[in-house]
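Below are the chains, spelled out letter by letter.
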Amino acid sequence: MLCLKAPAKINWTLDILGTRADGYHLMDMLMQSVSLCDTLWLEESDALTLENAADASGAVHVADDAMASAEVTFDEKNLVYRAAKLLKDTCGVEKGARMKLHKAIPSGAGMGGGSADAAAALKGLNELWNLRLPMEELLRLGLKLGADVPFMLTGGLARVGGIGEVIQPLSPAPIVHLVMLQPCGGLSTREVFGAFDALDPALLTRPDNAAAQQALLAGDLPTLGKAMNNVLEGVSIPVRPAIAEAAAELEKLGAVRGMMTGSGSVVYGVFESEEKALKAARMLRPVAHEKGWGEVWTAHTLNV
């Protein structure tokens with residue numbers, strides 16, 4: 001049986017440069033994998049099946065299962081199953097696989113949980129079925145499943161452009177410690193991007209991607225905090241004001257910057273040390289409980 005970790009991601013920056021004729025948005029983003037992850041188990045079988053393996057490992061997980069939205073279904077709509085079916089049909093695989101998925105990444109979070117699962121399935125089944133497909137082919141298949149899947153296949157730290165398929169891997173950066181929470185319900189990616197399209201471009205506060213990239217690689221967190229921005233945050237806050245409130249609370253507790261990741265609704269705070277992050281998380285939990293913001297957890301960045 002294969003066991004694969006499917007790390008979540010955060011956006012250090014997110015900018016939208018335009019829209020293609022087919023409606024897809026052209027992005028410029030600084031993205032990085034983080035230690036919060038789902039887990040996928042794979043073993044050969046006659047049929048293709050997917051199960052909820054919430055308790056399969058018996059381990060203590062970074063995040064509680066309650067964070068994973070009830071919207072996640074373990075059927076043919078799940079991206080793990082869709083990835084497996086795509087790979088099976090593309091390569092003419094006759095055998096199946098028994099797949100067990102443990103969800104720890106929250107849904108509707110902007111952390112790419114479903115895309116991470118799909119990437120893990122593509123990589124794992126490529127090995128399980130001995131297909132020997134090169135990464136270039138996995139990236140091509142991944143893009144058919146979602147714009148975040150190519151980055152999730154490569155992972156680490158990268159500058160990401162196009163609709164998500166143009167990936168420039170970056171040198172390893174110093175580990176950054178984070179405090180995260182999802183202070184409101186998940187946001188619809190389609191609705192958030194729709195709200196962005198209706199916005200006057202002159203009202204946007206855009207990130208400085210080049211400065212953020214340089215600061216992150218140098219471990220200069222104060223400069224990183226000033227350069228970070230997410231153009232989708234401004235259109236999400238009017239719908240979910242708790243996003244701004246949570247970001248402000250993180251900064252009050254010592255975060256260099258508090259910001260929404262992706263299309264939301266997870267908010268993370270950037271801390272200069274693990275000790276500061278753990279202290280802030282302890283202080284934030286009673287506040288989050290009082291305000292109904294849900295769980296608070298810590299994580300750190302990954303370079304691979």
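None of the values given here were measured: they were computed from a predicted structure.

**What about the pairing of strand E4 (residues 96-102)?**
Piece 1. Within E4, six of the seven residues are buried, which leaves it mostly tucked inside the rest of the structure.
Piece 2. Relative to E4, strand E2 (residues 25-45) runs antiparallel, the two being bridged by seven bridges. Bridging from a neighbouring strand, Glu44 pairs with Ala97 of E4.
Piece 3. Judged from the five bridges that link them, strand E3 (residues 48-52) and E4 form a sheet pairing that is parallel. Across the sheet, residue Thr49 finds its bridge partner in E4, namely Arg98.

**Details of helix H1 (residues 79-91)**
Piece 1. In a regular helix each residue adds 1.5 Å, so 13 residues correspond to 18 Å; H1 covers 18 Å between its end C-alpha atoms and thus fits that length.
Piece 2. What H1 keeps buried is the set Leu79, Val80, Tyr81, Ala83, Ala84, Leu86, Leu87 and Lys88.
Piece 3. On its buried side, H1 packs onto E2, E3, E4, helix H2 (113-128) and helix H3 (135-145).
Piece 4. Where H1 begins, one side-chain oxygen reaches toward the backbone nitrogen of Val80, 2.8 Å away; that side chain belongs to Asn78.

**Points about the sheet that holds strand E7 (residues 177-181)**
Piece 1. Taken together, the four strands give an open sheet; going across it, the order is E9-E10-E7-E11, and neighbouring strands pair in antiparallel fashion. The open sheet has two edge strands, strand E9 (257-260) and strand E11 (296-300), and neither has a second partner. Within this sheet the neighbouring strands show an average axis-to-axis angle of 25°, counted without direction.
Piece 2. As paired strands, E7 and strand E10 (residues 267-271) are joined by five bridges and run antiparallel to one another. What sits directly across from Leu181, in E10, is Val267.
Piece 3. Strands in contact with helix H9 (residues 242-252) are E7, E9 and E10; relative to E10, the strand with the most contacts, it is inclined by about 15°.

**What to know about the environment of Val80**
Piece 1. Along the chain, Val80 turns up in helix H1.
Piece 2. Overall, Val80 belongs to the buried group, its relative accessible area being 0%.
Piece 3. For Val80 and Ala120, which are 40 residues apart along the polypeptide, the C-alpha to C-alpha distance reads 8.0 Å.

**Remarks on unusual backbone geometry**
Piece 1. Of the consecutive residues Gly264 and Ser265, the connecting peptide bond is found in the cis state with omega at 20°.
Piece 2. By the element assignment, Ser265 lies in the loop between E9 and E10.
Piece 3. The residue Asn130 is not glycine, and still its phi comes out positive at about 55°.
Piece 4. The phi torsion at Arg132 lies on the positive side, around 60°, for a residue other than glycine.

**What about the packing of H1 against H2?**
Piece 1. One can describe the packing of H1 onto H2 by two numbers: an axis separation of 8 Å at closest approach and a directional angle of 35°. Of the two possible hands of crossing, H1 and H2 adopt the one that is right-handed. Residue-level contacts link Leu79, Val80, Ala83, Ala84 and Leu87 of H1 to Gly114, Ser115, Asp117, Ala118, Ala121, Leu122, Leu125 and Asn126 of H2.
Piece 2. Residue composition of the contact of H1 with H2, by class: nine nonpolar, three polar and one charged.

**A look at the side chain of Asp38**
Piece 1. In this structure, Asp38 sits in strand E2.
Piece 2. Of the polar contacts made by the side chain of Asp38, one reaches the backbone nitrogen of Ile105; its length is 2.8 Å.
Piece 3. With near-sequence residues (within four places) excluded, Asp38 lies in contact with Leu4, Lys5, Ala6, Leu101, His102, Lys103, Ala104, Ile105, Gly113 and Asp117.

**Concerning the packing of aromatic side chains**
Piece 1. Going through the model one piece at a time under the given rule, you end up with one aromatic pair.
Piece 2. Between Trp12 and Tyr268, the ring centres sit 5.9 Å apart and the planes meet at 85°, which makes this aromatic pair edge-to-face. Of the two residues, Trp12 is situated in strand E1 (residues 2-19) and Tyr268 in strand E10; the sequence distance between them amounts to 256 residues. Tyr268 matches Trp12 in its accessibility class, with the two residues each being buried.

**Some points on the state of the cysteines**
Piece 1. Summed over all chains, the structure comprises zero disulfides.
Piece 2. Looking at Cys3, it has no disulfide partner, and the nearest cysteine sulfur is the one in Cys37, 9.0 Å off.
Piece 3. Given the relative accessible area of 47%, Cys3 is considered partly exposed.

**Remarks on the confidence of the model for the protein chain**
Piece 1. On average, the protein chain scores 92 in pLDDT, and the residues at 70 or more come to 94%.
Piece 2. Between residues 56-70, whose pLDDT stays under 50, and residues either more than four places distant or in other chains, the model counts 23 contacts.

**A word on the layout of surface pockets**
Piece 1. Considering only enclosed or pocket space, the second largest pocket measures out at about 150 Å³ in volume.
Piece 2. Those elements that provide at least two residues to the lining of the second largest pocket are E1, H2 and helix H4 (149-154).
Piece 3. Per element, the largest residue contribution to the lining of the second largest pocket is four residues, and it comes from H2.
Piece 4. A breakdown of the residues in the lining of the second largest pocket according to their chemical character gives eight nonpolar, four polar and two charged.

What counts as what
- Residues numbered from 1 in each chain as written.
- Predicted model: local features only at pLDDT ≥ 70, side-chain atom pairs only at ≥ 80, totals over all residues.
- Heavy atoms only, no water.
- Buried < 20%, exposed > 50% of the residue type's maximum accessible area, 1.4 Å probe, protein only.
- Helix = DSSP H or I, 4+ residues; strand = E, 2+ residues; numbered from the N terminus.
- Pairing = 2+ DSSP bridges.
- Expected span 1.5 Å × (residues − 1).
- Contact = heavy atoms within 4.5 Å.
- Polar contact = N/O pair within 3.5 Å; in protein donor to acceptor, adjacent residues only side chain to side chain.
- Axes fitted to C-alpha atoms, helices over the stretch in contact; angles between N-to-C directions.
- Left-handed = near helix turned anticlockwise from the far one by under 90°.
- Nonpolar A, V, L, I, M, F, W, Y, C, P; charged D, E, K, R; others polar.
- Phe/Tyr/Trp six-rings, centres within 6.5 Å; stacked < 30°, edge-to-face > 60°.
- Disulfide = S-S within 2.5 Å.
- pLDDT = per-residue confidence, 0-100.
- 1 Å grid on protein atoms, 1.4 Å probe; cavity = no way out; pocket = protein on both sides within 12 Å on 5 of 7 lines; lining within 4 Å.
- Points joined across faces, edges and corners; volume = space filled by probe spheres on them.

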